[in-house]
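Here are the chains, one letter per residue:
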Amino acid sequence: MSISSNQLKNHHLLWRAAFGPVAKNASELKDVSHRDLYQLLEKNSAKKPDDLVIAGNPLDGLMKGTQDIGMMQKLNEGQKKMLRKQSVEDLKNLNLTWLDEMINSESQLREKMSLFWHGHFACRIINIFFQQQLINTIRSNALENFGYMLKEVSKSPAMLSFLNNQQNRKQHPNENFAREVMELFTMGRGNYTEEDVKEGARAFTGWGFNLQGEFINRPFLHDKGIKTFLGKTGNFGGDDILDIILEQKQTAKFITQKIYRYFVHDIPDADEVEKLAGRFYEGGYDIRKLLGDIYTSDWFYNVKNIGTHIKSPVELIVGIRRMIPLELDKPQAQLLFERILSQVLFYPPNVAGWPGGKNWIDSSALMFRMRLPQIITGADDFMVKPKDDDDTMMGMEGADGKFKARQLNATVDWDSVIKFFSPLAGKDLMEEISNVILQTKRKVDPEIINRYVDKDSRDGFIKTTIIELMSTPEYQLC
């Protein structure tokens, strides 16, 4: 059962368009074409997802985090501390709930694309209801129309709060929102002027939200004067500004190039990006069609694109758990893993999101990444102290400022994994496991792995070989 080039392509597709293969269907990947597999991914993600719901009461959610509408000023210090603590606790639950969706949902294409947009529309506020609204907006629109999603995100209380547009009013415009919409969400730096920022900010005056977390356009705060923006002049409001931005071909190119870097290769192919961006623009910003153009192309499966992507911490955690089905006795430990590896969902480092690529790797992160498979499966103790970063400790730090050694207890369903490899002859076993687990051209020396695996039984050999291969530098790439 040697791995075919077709199976390699399918593994590549599943790591880029999803979160990696699962053991129970890994054996089918050698027979299905990569185009048919992509159609299946698309079909499984066609249905709009159910909302993630942690905060059920909008007003309660606002009370827990907002500092923009005066509520917090009416509370004493004890009440503020209690509400902030509860909001952080709820955000942890939202994090774990979404992580479970990434691991278990059949809508792999949608959840993977949602993770991309989560970093693109980066937003960091301690408000469970706002964050919940935003992630549900992103997940619902992740494969649909970029222009529509841009407007929905731009009108979300989370983004309006994070980028200070609640305070943007005539005669005292706040430029933060207008600047970031152009620089980070649509066109990229260098494709607009400072005057465009000022005029755009004037057009967004009055955009805000009410106590129920609903978008409101406050006409008494809006600058009704004539504005000139990106070469057009008129009495523009916020929607007009977004429409003008979407008319710019640069917007399609910026988004396409960012998607290419994330899903194909860190170094974009200028010709391919130009072609993709042209079709994306002419097609009215249809995200699903753009992804289809990428994942059904021949060039996506070129050797130069396979095994070159450094997995983000979330991709790493989710990928391990998809290949090795398990239940953790302390699921909240995954928040600690995210924290150590510098990608805590709902806590991006800044409005630019996570930089990705080689930024994921330093000496300490690599060592922990390589221990992670053994930690997750409960085979290894760990003692760590993440880098300090205000509230992203998320209430998990011990009184002495260090994390004490502990062992996770995991219930692992090895049956489906072992069943996949059961038809193989013993002499081929390690090579086949390596072909399934690793995507890199350079393979791990089997003699090195052989030193650490369990040779007492076939089942034990399969289990330990998988974990040891996942504990290599090569597994950090896909």
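The coordinates are above.
Residues numbered from 1 in each chain as written. Predicted model: local features only at pLDDT ≥ 70, side-chain atom pairs only at ≥ 80, totals over all residues. Heavy atoms only, no water.

**Q** Help me out: how do you make sense of helix H9 (residues 176-186) in this one?
**A** Residues spaced three or four apart along an α-helix face the same direction, because each turn holds 3.6 residues. Counting buried residues along H9, nine of its eleven residues qualify, which places the element largely inside the surrounding structure. For H9, the set of buried residues is Phe177, Ala178, Glu180, Val181, Met182, Glu183, Leu184, Phe185 and Thr186. (Buried < 20%, exposed > 50% of the residue type's maximum accessible area, 1.4 Å probe, protein only. Helix = DSSP H or I, 4+ residues; strand = E, 2+ residues; numbered from the N terminus.)

**Q** When you look at the packing of aromatic side chains in this model, what are you seeing that I'm missing?
**A** Within a pair of aromatic rings, the relevant descriptors are the distance that separates the centres and the angle that separates the planes. Taken as a whole and judged by the stated rule, the model has 25 aromatic pairs. Taking the ring centre of Tyr475 as reference, the NZ or CZ of Lys311 above it sits at 3.3 Å. (Phe/Tyr/Trp six-rings, centres within 6.5 Å; stacked < 30°, edge-to-face > 60°. Lys NZ or Arg CZ within 6 Å of the ring centre and 35° of its normal.)

**Q** Teacher, can you tell me more about the nonpolar core here?
**A** Within soluble globular proteins, side chains that are nonpolar generally end up buried alongside one another. Grouped together as the largest cluster of nonpolar side chains are 91 residues, with contacts concentrated most on Met113, Trp117, Phe121, Phe146, Met159, Ile259 and Tyr295. For this core, the leading source of residues is helix H4 (residues 77-104), giving seven residues. Discounting chain neighbours no more than four positions away, the residues touching Trp117 are Ile138, Ala142, Phe146, Met149, Ile255, Ile259 and Ile287. Among the nonpolar cores identified, the runner-up in size contains 44 residues, and Trp15, Ile317, Ile375 and Ile433 belong to it. (Core = buried A, V, L, I, M, F, W, Y, C linked by side-chain atoms within 4.5 Å. Contact = heavy atoms within 4.5 Å.)

**Q** Sorry, what's going on with unusual backbone geometry here?
**A** Where the residue is not glycine, phi is negative for most of them; where a peptide bond is considered, it is trans in most cases. Of note in the backbone geometry, Leu230 takes a positive phi value of approximately 50° without being a glycine. A positive phi angle, near 70°, is found at Ser342, a position not held by glycine. When you line up the elements, Ser342 lands in the loop between helix H16 (333-341) and helix H17 (363-376). The class of Ser342 is partly exposed, set by a relative accessible area of 39%.

**Q** Looking at this structure, how should I read the packing of helix H15 (residues 313-323) against H17?
**A** The axes of two packed helices give the description: the angle between them and the distance between them. Axis separation between H15 and H17 bottoms out at 11 Å; the angle between their running directions is 35°. For the pair H15 and H17, the crossing hand works out as right-handed. Here H15 contributes Pro313, Leu316, Ile317, Ile320 and Arg321 to the contact with H17, which in turn contributes Arg369, Leu372, Pro373 and Ile376. (Axes fitted to C-alpha atoms, helices over the stretch in contact; angles between N-to-C directions. Left-handed = near helix turned anticlockwise from the far one by under 90°.)

**Q** Whenever I open this one, the packing of helix H19 (residues 426-437) against helix H21 (residues 458-470) confuses me. Can you help?
**A** Between H19 and H21, the least distance of the axes is 10 Å, while the angle of their chain directions is 35°. The element H19 and its partner H21 pack so that their crossing is right-handed. Counted together, Gly426, Leu429, Met430, Ile433, Ser434 and Ile437 of H19 and Arg458, Phe461, Ile462, Thr465, Ile466, Leu469 and Met470 of H21 form the full contact between these two elements. Per-class residue counts for the contact of H19 with H21 are nine nonpolar, three polar and one charged. (Nonpolar A, V, L, I, M, F, W, Y, C, P; charged D, E, K, R; others polar.)

**Q** Which parts of the structure should I look at to understand the environment of Glu89?
**A** With respect to the helices, strands and loops of the structure, Glu89 is situated in helix H4. According to the relative accessible area criterion, Glu89 is partly exposed, its value standing at 35%. In the structure, Glu89 is positioned 39 residues away from Ile128 in sequence and 9.1 Å away in space, judged by C-alpha atoms.

None of the figures reported here should be taken as evidence of function without further support.
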